[in-house]
Amino acid sequence: MRTEDAPIDDPAAAVAYKKRYPVCLVCGSNVGSYRGLRCHHIIGGKGGRSDEPCNFLIACDEPCHQLCDGYSRKDESTNEPLPKLPLAVVLMIKKTRDR
């Protein structure tokens, strides 16, 4: 039985959402990229992560998904550090690029 506060557990929803976007919504790299694409859960953590489209953002595995999760990464060509993506930026990307 699901309560209002419990996260939705629906892995098929992530698969269906990922099929809608063949590119990283953060940097624009395509699915043919060696990096691959991930369905990032915008809100997750100890309380659980909800599998619903409003909580998804498609991001390439390296570096965008890692940056969305708050990890440090370096630019592959310049070796300069890339900025981590705070929640406010992730939500703005979701609002402007997820149609």
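Residues numbered from 1 in each chain as written. Predicted model: local features only at pLDDT ≥ 70, side-chain atom pairs only at ≥ 80, totals over all residues. Heavy atoms only, no water.

Undergrad: Where do I start with the pattern of salt bridges in this structure?
TA: Two side chains of opposite charge can pair, provided their charged atoms sit close to one another. Counted under the stated rule, the structure contains 4 salt bridges. A salt bridge links Arg20 to Asp98; the nearest nitrogen and oxygen atoms lie 3.6 Å apart. Here Arg20, found in helix α1 (residues 11-20), pairs with Asp98, found in the segment after α3 (87-97); they are 78 residues apart in sequence, far enough to count as distant. Given the relative accessible area of 44%, Arg20 is considered partly exposed. (Salt bridge = Lys/Arg side-chain N within 4 Å of Asp/Glu carboxyl O. Helix = DSSP H or I, 4+ residues; strand = E, 2+ residues; numbered from the N terminus. Buried < 20%, exposed > 50% of the residue type's maximum accessible area, 1.4 Å probe, protein only.)

Undergrad: In this structure, what is going on with the layout of surface pockets? I would like to understand it.
TA: Over the atoms, a rolling probe the size of a water molecule traces out where space has been left empty. By volume, the largest pocket is sized at about 230 Å³. By residue number, the principal contributor to the lining of the largest pocket is strand β1 (residues 37-41), which donates 4 residues. Taken together, the residues of the lining of the largest pocket break down into 3 nonpolar, 5 polar and 4 charged. (1 Å grid on protein atoms, 1.4 Å probe; cavity = no way out; pocket = protein on both sides within 12 Å on 5 of 7 lines; lining within 4 Å. Points joined across faces, edges and corners; volume = space filled by probe spheres on them. Nonpolar A, V, L, I, M, F, W, Y, C, P; charged D, E, K, R; others polar.)

Undergrad: Which parts of the structure should I look at to understand helix α2 (residues 61-68)?
TA: Of all the 8 residues making up α2, 7 are buried; the element is thus mostly covered by neighbouring parts of the structure. Those residues of α2 that fall on the buried side of the exposure criterion are Asp61, Pro63, Cys64, His65, Gln66, Leu67 and Cys68. Its buried side turned inward, α2 meets β1, β2 (56-60), β3 (73-74), β4 (81-82) and α3. Gly70 sits one or two residues past α2 and shows a positive phi near 90 degrees. (Contact = heavy atoms within 4.5 Å.)

Undergrad: Can you help me understand α3 in this one?
TA: Residues three or four positions apart in an α-helix share a direction because the helix packs 3.6 residues into each turn. Among the residues making up α3, those that are buried are Val90, Ile93 and Lys94. Each buried residue of α3 sits inside an arc of 100 degrees when the element is viewed along its axis, so together they form one side. In α3, those exposed residues whose orientation departs by more than 90 degrees from the buried face are Ala88 and Lys95. (Arc of directions from axis to C-beta.)

Undergrad: Please explain the state of the cysteines as it appears in this structure.
TA: Defined simply, a disulfide is a covalent bond joining two cysteines at their sulfur atoms. For the structure shown, the criterion picks out 0 disulfides. No disulfide involves Cys64; its sulfur sits 3.5 Å from that of Cys60, the nearest cysteine. A relative accessible area of 4% places Cys64 in the buried class. (Disulfide = S-S within 2.5 Å.)

Undergrad: Can you walk me through the pairing of β2 in this structure?
TA: Side chains on a regular strand alternate between the two faces of the sheet. Along β2, 5 of the 5 residues are buried, which leaves the element largely enclosed by surrounding structure. Across the two faces of β2 the burial is the same, with Phe56, Ile58 and Cys60 and Leu57 and Ala59 all buried.

Undergrad: In this structure, what is going on with the nonpolar core? I would like to understand it.
TA: Counting residues in each nonpolar core, the largest one holds 21 residues, and the members touching the most others are Tyr17, Cys24, Leu25, Val26, Leu57 and Ile58. Counting only elements with at least two residues in this core, the list comes to α1, β1, β2, α2 and α3. (Core = buried A, V, L, I, M, F, W, Y, C linked by side-chain atoms within 4.5 Å.)

Undergrad: Sorry if this is basic, but what is going on with unusual backbone geometry here?
TA: Where the residue is not glycine, phi is negative for most of them; where a peptide bond is considered, it is trans in most cases. Cis geometry marks the peptide bond from Glu62 to Pro63, where omega comes out at 5 degrees. Position of Pro63 relative to the elements: it lies in helix α2. In this structure, Asn79 is a non-glycine residue whose phi angle is positive, near 65 degrees. Within the element layout of this structure, Asn79 appears in the loop between β3 and β4.

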